[in-house]
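Reading the structure
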Amino acid sequence: MLDQKKLDSLLAGCRFWEKVQCFETVDSTNLIVKDWARQGAEEGRCAVAEAQTAGRGRRGRSWISPPGENLYFSILLRPQAEASHVAMITLLMAIAVTQGVRELHLDAKIKWPNDVVINGKKICGILTEMYQSAAGSFFLVIGTGINVNQKEFPEEVKKTAGSLALELGADVDREVLLASVLRHFSDCYDSFLETMDLSGQKELYESFLVNKGRVVEVLDPKGEWQGTAIGIEKTGELLVQRKDGSVEAVYAGEVSVRGIYGYV
Ligand code: BTN
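One structure accompanies this document, and this report is about it. (Residues numbered from 1 in each chain as written. Predicted model: local features only at pLDDT ≥ 70, side-chain atom pairs only at ≥ 80, totals over all residues. Heavy atoms only, no water.)

The pairing of strands in a sheet happens through backbone hydrogen bonds and is either parallel or antiparallel. An order of 1-2-3-7-6-5-4 is seen for the seven strands of this open sheet, with the pairing classed as mixed. Looking at the sheet topology across the chains shown, the edges are occupied by strand 1 (20–26) and strand 4 (109–111). Taken pair by pair, the neighbouring strands of this sheet meet at an average axis angle of 25 degrees, ignoring direction. Judged from the nine bridges that link them, strand 6 (residues 121–132) and strand 7 (residues 138–146) form a sheet pairing that is antiparallel. (Pairing = 2+ DSSP bridges. Helix = DSSP H or I, 4+ residues; strand = E, 2+ residues; numbered from the N terminus. Axes fitted to C-alpha atoms, helices over the stretch in contact; angles between N-to-C directions.)

All right, on to helix 2 (residues 29–38) then. Taken residue by residue, helix 2 has Thr29, Asn30, Ile32, Val33, Trp36 and Ala37 as its buried positions. In an axial view of helix 2, the angular spread of the buried residues amounts to 160 degrees, which keeps them on one side of the axis. Contacts made by the buried residues of helix 2 are with strand 1, strand 2 (46–52), strand 3 (71–77), strand 6 and strand 7. Positive backbone phi, approximately 95 degrees, marks Gly40, located one or two places after helix 2. (Buried < 20%, exposed > 50% of the residue type's maximum accessible area, 1.4 Å probe, protein only. Arc of directions from axis to C-beta. Contact = heavy atoms within 4.5 Å.)

Under the counting rule described, the total for this entry stands at 12 salt bridges. Residues Glu50 and Arg174 are paired through a salt bridge, measuring 3.1 Å at the closest nitrogen-oxygen approach. Of the two residues, Glu50 sits in strand 2 while Arg174 sits in helix 5 (residues 174–195), which places them 124 residues apart along the sequence. Taken individually, Glu50 and Arg174 each receive the classification buried, so the pair is uniform in this respect. Arg58 is the partner of Asp115 in a salt bridge, and the nearest nitrogen-oxygen pair spans 2.6 Å. With Asp115 in strand 5 (residues 115–118) and Arg58 in the loop between strand 2 and strand 3, this residue pair connects regions lying 57 residues apart in the sequence. On the basis of relative accessibility, which here comes to 4%, the residue Asp115 falls in the buried class. It is possible to trace a salt-bridge network through shared partners that takes in Lys6, Asp173 and Glu175. (Salt bridge = Lys/Arg side-chain N within 4 Å of Asp/Glu carboxyl O.)

It is worth spelling out the site of the ligand at this point. Of all residues adjacent to the ligand, which total 19 residues, the nearest are Ser28, Gln52, Arg56, Arg58 and Lys122. Thr29 places a polar side-chain atom, nitrogen or oxygen, 3.1 Å from a nitrogen atom of the ligand. Interatomic distance of 2.7 Å between a side-chain N/O atom of Lys122 and an oxygen atom of the ligand. Protein burial of the ligand: of its 420 Å² of free accessible surface, 98% is covered by the chains. (Near = heavy atom within 4 Å. Polar contact = N/O pair within 3.5 Å; in protein donor to acceptor, adjacent residues only side chain to side chain. Areas by Shrake-Rupley, 256 points an atom, 1.4 Å probe, with all protein chains shown as cover.)

With that out of the way, let us pick up the nonpolar core. For soluble globular proteins, the rule of thumb is that nonpolar side chains tend to be buried together. By size, the foremost hydrophobic cluster in this structure holds 61 residues, and its most contacted members are Phe73, Met93, Ile146, Leu164 and Phe185. For this core, the element with the most residues is helix 3 (residues 86–102), which contributes 11 residues. Apart from the residues within four sequence positions on either side, Ile146 is in contact with Asn70, Leu71, Phe73, Val97, Ile123, Cys124, Leu164, Leu177 and Val181. If you look at the next biggest cluster of nonpolar residues, it comprises 13 residues, including Phe23, Val26, Ala47 and Phe139. (Core = buried A, V, L, I, M, F, W, Y, C linked by side-chain atoms within 4.5 Å.)

With that out of the way, let us pick up the packing of aromatic side chains. Tallied over the full model, the rule gives four aromatic pairs. Judged by centre distance (6.5 Å) and plane angle (10 degrees), the rings of Tyr189 and Phe192 are stacked. Taken together, the residues Tyr189 and Phe192, both in helix 5 and three residues apart, mark about one turn of the helix. Residue classification places Tyr189 among the buried residues on the basis of a relative accessible area of 0%. These aromatic residues form a ring-pair network of at least three members: Phe185, Tyr189 and Phe192. We note Arg242 situated over the ring of Trp225; from NZ or CZ to the ring centre the distance is 3.8 Å. (Phe/Tyr/Trp six-rings, centres within 6.5 Å; stacked < 30°, edge-to-face > 60°. Lys NZ or Arg CZ within 6 Å of the ring centre and 35° of its normal.)

By themselves, these figures tell us nothing about what the structure is for.
Here's what the structure looks like:
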């Protein structure tokens with residue numbers, strides 16, 4: 001079981017420190033936090049669980065969440081921002097996870113927009129859900145799953161999923177990693193709130209971007225095309241250079257990476 005006291009002490013002084021609550025088994029930490037939000041919980045509340053019975057992934061997929069090995073956590077945010085800022089805030093979590101994992105001397109990178117990968121294997125997924133509150137404002141639930149100490153994966157994800165322990169050859173302390181990720185997120189989020197864009201993180205994000213300098217296939221509904229990823233806009237879109245030298249900003253959901261991963 002995750003150690004609540006250890007987590008509290010690791011997070012002392014952090015803006016999220018009092019607000020992390022450990023659970024044994026839940027349906028989904030995103031749903032727990034959504035319920036808290038509906039009851040008026042303040043920004044920064046965080047739920048972390050040992051296991052999820054109905055872990056949710058992007059595009060309606062499920063997130064396999066076995067007990068005792070990984071991290072599954074969700075945080076509540078109430079930014080004074082617009083719906084268009086949601087994708088940017090999700091990128092901030094990808095940066096924070098990458099920073100936390102890099103402290104273990106692992107070469108974590110970000111596959112745009114927000115999968116964290118090591119050696120081409122996905123070790124983290126992030127699902128941000130936005131809800132309208134009664135007052136007309138909105139709140140965000142950012143759910144993050146990190147494959148920490150898992151050694152075996154079901155057939156359907158075996159080729160694409162990895163874990164920190166498999167990459168490192170040793171188990172990783174989950175509380176230390178979670179505290180580190182939350183501290184990094186807290187810093188990134190504060191910086192985001194100053195400008196309401198990624199100006200403060202763009203350089204760091206690009207240094208983590210696995211797609212940078214690589215050929216990507218843009219799945220544009222009007223026609224697929226290929227180009228070279230060169231970085232991101234300060235609003236989070238991927239910048240892709242066509243063969244004729246022109247550069248386009250691509251929105252999340254339209255692009256996939258060619259050639260380097262089995263899962264795209
Ligand atoms: C993805 O499909 O890549 C996103 C996966 C997000 C999984 C996390 S685990 C914690 C939180 N609770 C959920 O039900 N989903 C997210």
